[in-house]
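The primary structure of each chain is shown beneath.
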Amino acid sequence: MRKDVRILLVGEPKVGKTSLIMTLVSEEFPAVVPYRAEEITIPADVTPERVPTHIVDYSEAEQTDEQLYQEISKANVICIVYSVNNKKSIEKVTSHWIPLINERTDKDSRVPLILVGNKSDLVEHSSMETVLPIMNKYTEIETCVECSAKNLKNISELFYYAQKAVLHPTGPLYCPEKKEMRSACVRALTRIFKVSDLDNDGILNDHELTFFQRTCFNTPLAPQALEDVKNVVRKNLTDGVRDNGLTLKGFLFLHTLFIQRGRHETTWAVLRRFGYDDDLELHQDYLFPLLKIPPDCTTELNHNAYLFLQSVFDKHDKDRDSALSPEELMDLFDVFPYVPWGLDVNSTVCTNDQGWITYQGYLSQWTLTTYLDVQRCLEYLGYLGYSIIAEQESQASAITVTRDKKLDLQKKQTQRNVFRCHVFGITGSGKTSFLQGFLGRNLVRQKAIKEEHKSYYAISTAHVYGQEKYLLLHEIFPDFDFLSETELSCDIVCLIYDVSNPCSFEYCARIFKQYFMDSKTPCMLIAAKSDLPETKQQYCMTPLEFCRKHKMPPPQSYTCNTAAAPSKDIFIKLTIMAVYPHARLRCMCTCNRCTFCLCQNFLNSELVQTVRTKLYTVIFSRHITHADLKSSTFWLRASVGATVCAMLGFAMYRALLRSR
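Residues numbered from 1 in each chain as written. Predicted model: local features only at pLDDT ≥ 70, side-chain atom pairs only at ≥ 80, totals over all residues. Heavy atoms only, no water.

1. Looking at the environment of arginine 214
In step 1: Mapping arginine 214 onto the fold places it in helix 7 (residues 206-217).
In step 2: Leave out the neighbours within four places in its chain, and arginine 214 touches Thr219 and Glu391. (Helix = DSSP H or I, 4+ residues; strand = E, 2+ residues; numbered from the N terminus. Contact = heavy atoms within 4.5 Å.)

Written as structure tokens, this is what we have:
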């Protein structure tokens, strides 16, 4: 909404411009009228639209042409005043004033004009018949008002219409020559309809219409009023109402009707609620709300945002196969001015066998966008109407800004859910295959990916002790001489070498010693292409000796040359190391023989889970009376139980400690 409105009154001498202004202010006809009234500012709380209004008078006797031109350029709306009993002043409207104003304003952004017929108290007839052809000829004329400063007739209405012409202009919405809405207005209202169509069935049912009414006007629509609206559409359009719901054609017809009947403010209220400015473009403040992100902090979607995105997915997944076909994806992006996801998205997230983005891949892509470019994420959520549908102040409420990573390391715990892993290795070492393997693609499926569709990112979920975390893999271009701060900033480093290439490991060793040996970032060495015969690496020590020397986990074997999807064990280990960088886990195997693996299997065994469930059931279902709390037997049993649990926990801790 505009911050203020500037109204300029022009016209021939003695038509009553100054009298109109002074009558508005004093609410009585002035006995003495000066040549020109001083500029008047009406406070926002006095005006109907709650916007400060500046009223400027023009006097040919006191002002030069140059001053007039300056006032025309500053005005938001111009009232051309004529006297209804003076034909010459009416003729001057078309012969002098409108051409003069048009010369001084841009053709593409004409200032709205109001024709004001003053001194209506002096005649018994109306001047509307004379003025109507003028209004039809010049589209920039919003309306015509006949008034009388002497009788106080239509004075406040005059300035209300002038204010309305600025705040709710007809020009951007409607073309009077064609008697139809302009294409920009149709596009905006079509997006609003699709955002409001919560179940994507092509109609607005009673629930959706009620929600729309409450969202835009803060008042619910009575059932009878709802039926009346639909009846009006039924009478004028055969396909405006379907299955007792309003179609897109019916929705557009209603707004055309509002505009034709002079109720522009209704359509403008809807447009502005959904983020549009006076040019029917989504406002920058709507698309990019203020979001402060301190240094070394990351951005993630919160629970409410994921619920909203889930509802958007369900809305467009018409065949309920938990994946979005190309047609369904294009339908989802129909409310965007452009397609936001590039060709590489299918090789960045999980897809099904047909190459369609799955539900998990869909959420992963949103998580990736939020993490890498939060402003782009805010923009996308704005197009989807997050703040309207989720009933939030702005898209910023969908974002969680994590605390500084240094604090996480100090406190040895984190609330983050997205962790970044940078993948280093020479060309041909298997970095790209490693990323695709994370998405469940073996070598056969990877060969089907076109070169222009390949991505340097891969993101999916990994479960860490029962919690779902997102692991973001980023392939770093092999350049030993220069690595930027961004390329070095991550939660875990993955160093990949090709077991069949004798020169592959040296690069990993040099990268580690140059950039990560003295950092607190955990590192893991990956022996890629483990299905091929292993070759001795041309380095002063073996990869295993290198890991022992620098207190790293032993090299982890990995291959994508499998019949089914590659194993995800290695990615779970990477995520664990990223979540717990201080833990320095040395047992990174899945041998099921060492103490660490045996304890993990025991904790996850069905027996332990059953005992734990039954114990919880007994504790929480048993009714503990006030007498029980006073009984020494009750507290003795509780103490013994706690002691046994503590001893078991301590024994398992010692076993784990010895295994490491």
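Moving on from the coordinates now.
2. Focus on the packing of helix 9 (residues 248-260) against helix 10 (residues 264-273)
Each pair of packed helices can be described by the angle between their axes along with the distance between the axes.
In step 1: Two elements in contact, helix 9 and helix 10, have axes separated by 7 Å at closest approach and are oriented at 135 degrees. Considering the angle they form, helix 9 stands oblique to helix 10. Along the contact surface, helix 9 presents His255, Phe258 and Ile259, while helix 10 presents His264, Thr266, Thr267 and Val270.
In step 2: Taken together, the residues of the contact of helix 9 with helix 10 break down into three nonpolar, four polar and no charged. (Axes fitted to C-alpha atoms, helices over the stretch in contact; angles between N-to-C directions. Parallel < 35°, antiparallel > 145°, perpendicular 65-115°, else oblique. Nonpolar A, V, L, I, M, F, W, Y, C, P; charged D, E, K, R; others polar.)

3. Some remarks on empty space enclosed by the protein
In step 1: The final tally for this structure, using the stated rule, is one cavity of 30 Å³ or more.
In step 2: Of the pockets and cavities examined, the largest cavity occupies roughly 80 Å³.
In step 3: If you go around the largest cavity, the residues you meet are Lys405, Asp408, Leu409, Lys412, Gln413, Thr414, Arg416, Asp491, Ala578, Val579, Pro581 and His582.
In step 4: When grouped by side-chain class, the residues that make up the lining of the largest cavity number four nonpolar, three polar and five charged. (1 Å grid on protein atoms, 1.4 Å probe; cavity = no way out; pocket = protein on both sides within 12 Å on 5 of 7 lines; lining within 4 Å. Points joined across faces, edges and corners; volume = space filled by probe spheres on them.)

4. Considerations on the packing of helix 12 (residues 303-316) against helix 14 (residues 359-372)
In step 1: Interhelical geometry of helix 12 versus helix 14 gives an angle of 135 degrees and a closest axis separation of 11 Å. Comparing the axis directions of helix 12 and helix 14 gives the class oblique. As helix 12 runs across helix 14, the sense of the crossing is right-handed. Note on element contacts: helix 14 touches helix 12 through Tyr359, Tyr362, Leu363, Trp366 and Thr367, opposite Tyr306, Leu309, Gln310, Val312 and Phe313.
In step 2: Of the residues assigned to the contact of helix 12 with helix 14, the class counts are eight nonpolar, two polar and no charged. (Left-handed = near helix turned anticlockwise from the far one by under 90°.)

5. Observations concerning the sheet that holds strand 20 (residues 523-528)
In step 1: Judged by pairing direction, the sheet is mixed, and its six strands sit side by side in the order 17-18-16-19-20-21 without closing on themselves. Both outer strands of the open sheet, strand 17 (457-464) and strand 21 (556-558), are each paired with one neighbouring strand and no more. Adjacent strand axes in the sheet meet at a mean angle of 30 degrees, parallel and antiparallel pairs treated alike.
In step 2: As defined by bridge partners, strand 16 (residues 418-424) adjoins strand 18 (residues 467-475) across six bridges and the pair is classed as parallel. Residue pairing for strand 18: cysteine 421 is matched across the bridge by leucine 473.
In step 3: Lying on the sheet, helix 18 (residues 431-438) is in contact with strand 16, strand 17, strand 18, strand 19 (492-498), strand 20 and strand 21; it crosses strand 18 at an angle near 160 degrees. (Pairing = 2+ DSSP bridges.)

6. Notes on unusual backbone geometry
In step 1: Although it is not a glycine, lysine 119 sits at a positive phi angle of roughly 65 degrees.
In step 2: Structurally, lysine 119 is set in the loop between strand 5 (113-118) and helix 4 (128-137).
In step 3: A relative accessible area of 25% means that lysine 119 is categorised as partly exposed.
In step 4: Phi is positive for serine 322, close to 60 degrees, though the residue is something other than glycine.
In step 5: Taking relative accessible area as the criterion, serine 322 reaches 45% and is therefore assigned partly exposed. (Buried < 20%, exposed > 50% of the residue type's maximum accessible area, 1.4 Å probe, protein only.)

7. A short note on the confidence of the model for the chain
In step 1: The pLDDT averaged across the chain works out to 88; a share of 90% of its residues lies at or above 70.
In step 2: Here residues 585-593 is modelled with pLDDT under 50, and outside its nearest four sequence neighbours on either side it reaches 25 contacts, counting other chains as well. (pLDDT = per-residue confidence, 0-100.)

8. Considering a nonpolar patch on the surface
In step 1: A cluster of nonpolar residues, Leu636, Val640, Val644 and Leu648, forms a patch on the protein surface that exposes about 380 Å² of accessible area.
In step 2: With a relative accessible area of 42%, valine 644 lands in the partly exposed category. (Patch = residues over 30% accessible without salt bridge, like charges linked within 9 Å, V, L, I, M, F, W, Y side chains within 5 Å. Areas by Shrake-Rupley, 256 points an atom, 1.4 Å probe, with all protein chains shown as cover. Salt bridge = Lys/Arg side-chain N within 4 Å of Asp/Glu carboxyl O.)

9. A word on the sheet that holds strand 9 (residues 203-204)
In step 1: With respect to topology, three strands assemble into an open sheet ordered 9-11-10, the strand pairing being antiparallel. Strands with a single pairing partner mark the edges of an open sheet, and in this sheet they are strand 9 and strand 10 (241-242).
In step 2: Inspection of the sheet shows strand 10 paired to strand 11 (residues 245-247) by two bridges, in the antiparallel sense. If you follow arginine 242 over to strand 11, its bridge partner there is glycine 245.

10. Some details on helix 12
In step 1: The terminal C-alpha atoms of helix 12 lie 20 Å apart, and with 14 residues this matches the ideal 20 Å at 1.5 Å per residue to within 8%.
In step 2: If you check which residues of helix 12 are buried, you get Ala305, Tyr306, Phe308, Leu309, Val312, Phe313, Lys315 and His316.
In step 3: Of the residues flanking the start of helix 12, the one acting as N-cap is asparagine 302, its side-chain oxygen 3.3 Å from the backbone nitrogen of asparagine 304. (Expected span 1.5 Å × (residues − 1). Polar contact = N/O pair within 3.5 Å; in protein donor to acceptor, adjacent residues only side chain to side chain.)

11. Considering the environment of leucine 372
In step 1: The residue leucine 372 is located in helix 14 in this model.
In step 2: For the pair formed by leucine 372 and threonine 298, sequence separation is 74 residues and the distance between their alpha carbons is 8.7 Å.
In step 3: In this structure leucine 372 touches Arg420, Tyr457 and Leu472, once residues within four positions along its chain are discounted.

12. Structural notes on the pairing of strand 19
In step 1: With seven of its seven residues buried, strand 19 lies for the most part within the structure.
In step 2: The alternating pattern of strand 19 places Ile492, Cys494, Ile496 and Asp498 on one face and Val493, Leu495 and Tyr497 on the opposite face, and all of these are buried.
In step 3: Bridge analysis of strand 16 against strand 19 gives four bridges, and the strand direction is parallel. Paired with valine 423 across the two strands is cysteine 494, which belongs to strand 19.
In step 4: Two elements, strand 19 and strand 20, share six bridges in a ladder whose sense is parallel. Note on strand 20: the bridge partner recorded for tyrosine 497 is alanine 527.
In step 5: Each parallel crossover has a hand, and for strand 19 linked through helix 21 (residues 504-516) to strand 20 it is right-handed. (Right-handed = clockwise from strand over helix to strand, strands pointing away.)

13. Some details on helix 7
In step 1: With 12 residues, helix 7 should reach 16 Å at 1.5 Å per residue; the first-to-last C-alpha distance of 16 Å fits that figure.
In step 2: Buried within helix 7 are the following residues: Glu208, Leu209, Phe211, Phe212, Gln213, Thr215 and Cys216.
In step 3: Of the residues that open helix 7, the one with a side-chain oxygen 3.1 Å from the backbone nitrogen of histidine 207 is asparagine 205.

14. So, the layout of surface pockets
Over the atoms a probe the size of a water molecule is rolled, and this reveals where empty space is left.
In step 1: Roughly 1,500 Å³ of internal volume is contained in the largest pocket.
In step 2: As for the largest pocket, its lining consists of 46 residues, of which Thr139, Glu140, Glu142, Thr170 and Gly171 are closest to the centre.
In step 3: If you list the elements that add at least two residues to the lining of the largest pocket, you get helix 2 (65-74), helix 4, strand 6 (141-146), helix 5 (155-167), strand 7 (174-175) and helix 9.
In step 4: When residues in the lining of the largest pocket are grouped by element, the largest group, four residues, is from helix 5.
In step 5: Both domains that meet at the lining of the largest pocket, namely domain 1 (5-167) and domain 2 (177-281), each give it at least three residues. (Domains from an automatic or database assignment.)

15. Things to note about the side chain of serine 89
In step 1: By the secondary structure assignment, serine 89 is in helix 3 (residues 87-103).
In step 2: At a separation of 3.1 Å, a polar atom in the side chain of serine 89 contacts the main-chain amide nitrogen of serine 83.
In step 3: Within the structure, serine 89 has its side chain in polar contact with the backbone oxygen of asparagine 86 (distance 2.7 Å).
In step 4: Aside from chain neighbours lying at most four places away, what touches serine 89 is Glu12, Val15, Tyr82 and Ser83.

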